[in-house]
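Secondary and tertiary structure notes
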Amino acid sequence: MKELMSGIKKTMPEGIYQELKNKGVVKKATDTILIGNDEEEPTLRLDFTYLDDQLIQFVNKEYGFLETLPENKVNEEQAKETAQTFAKVFLNQDVELTKTTDLSGYDTGDYVTFEDQNQNTYLVDLNRNVFLKYQNASQD
């Protein structure tokens, strides 16, 4: 758990880290670790799914907390750096990312989707510079 929180501190806005540090509730469901800010009705939840100790999916559930974060607009290059930092911290990989077709439901111009050399996908919120999703291509 300490390792996950350290990774969150390195890859997420300070507000997310502080909220989870102060109010964090951790649940484990099979191969998924869920970290939220409330047991019953979280407004912030990060889900980390593993297979053989390898992260295969990450989802930053959009329950409303993100909307309370201050705006921190970033361009595509800065968003790419956010995704690369996530890959380095949680996947222990240096990845080359290219912009790809927006994920379904994220084609509003407020998000950018990247793909790495292994066709894994990464999603970043351009308005708040928040990493939202990682999907290992072998799990699609």
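Heads up: these notes are all about the structure in this document. (Residues numbered from 1 in each chain as written. Predicted model: local features only at pLDDT ≥ 70, side-chain atom pairs only at ≥ 80, totals over all residues. Heavy atoms only, no water.)

Description of the nonpolar core
One finds Ile8, Ile16, Phe48, Phe58, Tyr122 and Phe131 to be the most contacted residues of the largest nonpolar core, which totals 38 residues. Broken down by element, the residue count for this core peaks at 6 residues, all from helix α4 (residues 76-91). In contact with Phe58, other than residues within four places in its own chain, are Met12, Leu46, Asp47, Phe48, Phe86, Phe131, Leu132, Lys133 and Tyr134. (Core = buried A, V, L, I, M, F, W, Y, C linked by side-chain atoms within 4.5 Å. Buried < 20%, exposed > 50% of the residue type's maximum accessible area, 1.4 Å probe, protein only. Helix = DSSP H or I, 4+ residues; strand = E, 2+ residues; numbered from the N terminus. Contact = heavy atoms within 4.5 Å.)

Focus on helix α1 (residues 2-11)
Taken together, the buried positions of α1 are occupied by Leu4, Met5, Gly7, Ile8 and Thr11. The buried residues of α1 occupy one face: seen down the axis, they fall within an arc of 160°. Exposed side chains of α1 directed beyond 90 degrees from the buried face belong to Lys2, Glu3 and Lys10. Looking at the buried positions of α1, the neighbouring elements they touch are α2 (14-23), β2 (32-36), β3 (44-51) and α4. (Arc of directions from axis to C-beta.)

So, the layout of surface pockets
Its boundaries defined by the atoms lining it, the largest pocket holds a volume of some 310 Å³. Lining the largest pocket are 15 residues, and of these Glu3, Leu4, Tyr50, Val89 and Phe90 lie nearest its centre. For the lining of the largest pocket, the elements supplying multiple residues, two or more each, are α1, β4 (54-62) and α4. Counting residues per element, the lining of the largest pocket draws most heavily on α1, at 5 residues. Residue classes in the lining of the largest pocket are distributed as 8 nonpolar, 4 polar and 3 charged. In this structure, the second largest pocket spans a volume of roughly 160 Å³. Lining of the second largest pocket is provided by 13 residues; of these, Met12, Pro13, Asn72, Arg128 and Asn129 occupy positions nearest its centre. (1 Å grid on protein atoms, 1.4 Å probe; cavity = no way out; pocket = protein on both sides within 12 Å on 5 of 7 lines; lining within 4 Å. Points joined across faces, edges and corners; volume = space filled by probe spheres on them. Nonpolar A, V, L, I, M, F, W, Y, C, P; charged D, E, K, R; others polar.)

Looking at the pattern of salt bridges
Taken as a whole, this structure holds 6 salt bridges when the rule is applied. Between Glu76 and Lys99 there is a salt bridge whose closest N-O contact spans 3.5 Å. You can see Glu76 sitting in helix α4 and its partner Lys99 sitting in strand β5 (residues 98-99), a full 23 residues away along the chain. Here Asp94 makes a salt bridge to Lys88, at a shortest N to O gap of 3.5 Å. Among the residues examined, Asp94 registers a relative accessible area of 61% and is labelled exposed. For Lys88, a relative accessible area of 41% gives the class partly exposed. (Salt bridge = Lys/Arg side-chain N within 4 Å of Asp/Glu carboxyl O.)

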